Amino acid sequence: MAEGREVQWVEVTEGQVGQRVDNFLMSRLKGAPRALVYRIVRKGEVRVNKKRVKADTRLALGDMVRIPPLRLAPKEAVKEVSDSLHNLLAGSVLLEGPDWMVLNKPSGLAVHGGSGVKIGLIEALRQVREDLDFLELVHRLDRETSGCLLLAKSRPALLSLNESLKAHRMNKEYLALVAGRWPARRDFVSARLDRYDAGNGERRVRVDAAGKMSRTRFAVRETFNGTTLVEAEPVTGRTHQIRVHAAHAGHALLGDDKYGCREGQRLAAQIGLQRLFLHASALTFPEPSSGRPVQIRAPLGESLEAVLARAREQ
């Protein structure tokens, strides 16, 4: 629980070695918002071996961490996981290893709380899986995107998987429904992407010569009347990359409220699509402990399958 009446002293174990203080606290204080964690660290209420630390301080084996008693105002507290969300997440595990797990992330659930989101997937899952002392995201998916999401259950596994991600030893495949007929000959989109502030604190991405080089592979899976189901594989891993690259190519994703087009809105309404049609369909990565390749596929949800069935009928 996030709230407590007494100071806790917690010893750092092998699985937590090298973890940042803020992430260590988030895993221990289930229900506490990240802003509160930063505040108690900044005020010196959190100590490591009786010394003040910063949020990004790395922990060592045997360190003793002082965790103060917390008093959460109702507006501050991360809400408890509802029975329906608990069951949804528990049933979303596609495959689990000794130090990792892959979920079929539901659409509409942010991976992190914050910015008006009382609870995100990682906070909720820490409540659902109280048997785990460590649980961190290896990568992220947009709030409206569904599909394969990889999490680490130990610090060494997180470091190994992050290294695999940086070294391009992790492959991700997505399914997307786009407006128009995607040209079969167009198999790559390359464009520099730049993040910018769109107002109200919202971050967006645009094609800009000053941005970072980005590349996505596209392949046509099925063609319908006015739309195309494509497979997308990001070669680089920029924010909103698939969505911006598809829109830049003149074939915006259906259901995309940030980078979509009017024609896409019309087509989405025709086939009853009520969310972003972007699904992380497959994930391949080397297992941290053995190095053996793990390949996992996430089936499309019923709502997206129904949308494709209606598209085929038109």
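Residues numbered from 1 in each chain as written. Predicted model: local features only at pLDDT ≥ 70, side-chain atom pairs only at ≥ 80, totals over all residues. Heavy atoms only, no water.

Turning our attention to unusual backbone geometry. In this model, Asn49 sits at a positive phi of 55 degrees, which is unusual for a non-glycine residue. The residue Asn49 is located in the loop between strand E2 (47-48) and strand E3 (51-52) in this model. (Helix = DSSP H or I, 4+ residues; strand = E, 2+ residues; numbered from the N terminus.)

Attention now moves to the sheet that holds E3. Spatial strand order, E1-E4-E2-E3: four strands in an open sheet with antiparallel pairing. The open sheet terminates on both sides in strands that have one partner only, identified here as strand E1 (8-11) and E3. Across two bridges, E2 lies against E3 in antiparallel orientation. Paired with Val48 across the strands is Lys51, a residue of E3. Contacts from helix H1 (residues 21-28) reach E1, E2 and strand E4 (64-67), with the element oriented near 60 degrees to E4. (Pairing = 2+ DSSP bridges. Contact = heavy atoms within 4.5 Å. Axes fitted to C-alpha atoms, helices over the stretch in contact; angles between N-to-C directions.)

Okay, the environment of Leu158 next. Tracing the chain through its elements places Leu158 in helix H5 (residues 155-166). On the basis of relative accessibility, which here comes to 7%, the residue Leu158 falls in the buried class. Apart from the residues within four sequence positions on either side, Leu158 is in contact with Phe134, Glu136, Leu137, Val138 and Ala152. (Buried < 20%, exposed > 50% of the residue type's maximum accessible area, 1.4 Å probe, protein only.)

Overall, the predicted model of the chain reaches an average pLDDT of 89, with 93% of residues at or above 70. The secondary-structure element of the chain with the lowest mean pLDDT is H1, recorded at 86, while strand E15 (residues 278-286) shows the highest, at 98. Throughout residues 74-78 the model reports pLDDT below 50, and contacts reaching past four residues in sequence, or to other chains, amount to 17 contacts. (pLDDT = per-residue confidence, 0-100.)

So, about the side chain of Asp22. The residue Asp22 is located in helix H1 in this model. Beyond its immediate chain neighbours, meaning those up to four positions away, Asp22 contacts Arg34, Val37, Tyr38 and Ala55.

What follows concerns the packing of aromatic side chains. Aromatic rings considered in pairs are described by the distance between their centres and by the relative angle of their planes. Summed over all chains, the structure comprises two aromatic pairs. For the ring pair Trp100 and Phe285, a centre distance of 5.2 Å and an interplane angle of 80 degrees mean the geometry is edge-to-face. Within this pair, whereas Trp100 is found in strand E6 (residues 100-105), its partner Phe285 is found in strand E15, the two being separated by 185 residues in sequence. When sorted by exposure, Trp100 lands in the same class as Phe285, which is buried. An angle of 35 degrees between the planes, with centres 4.5 Å apart, marks the rings of Trp182 and Phe218 as tilted. With Trp182 in the loop between strand E9 (171-179) and strand E10 (188-190) and Phe218 in strand E13 (residues 215-223), this pair connects stretches of sequence that are 36 residues apart. Assigned by exposure class, Trp182 and Phe218 land together as buried. Sitting over the face of the ring of Tyr196, Arg206 holds its NZ or CZ atom 4.2 Å from the ring centroid. A cation sits over an aromatic face here: Arg215 above Phe188, 4.0 Å from the ring centre. (Phe/Tyr/Trp six-rings, centres within 6.5 Å; stacked < 30°, edge-to-face > 60°. Lys NZ or Arg CZ within 6 Å of the ring centre and 35° of its normal.)

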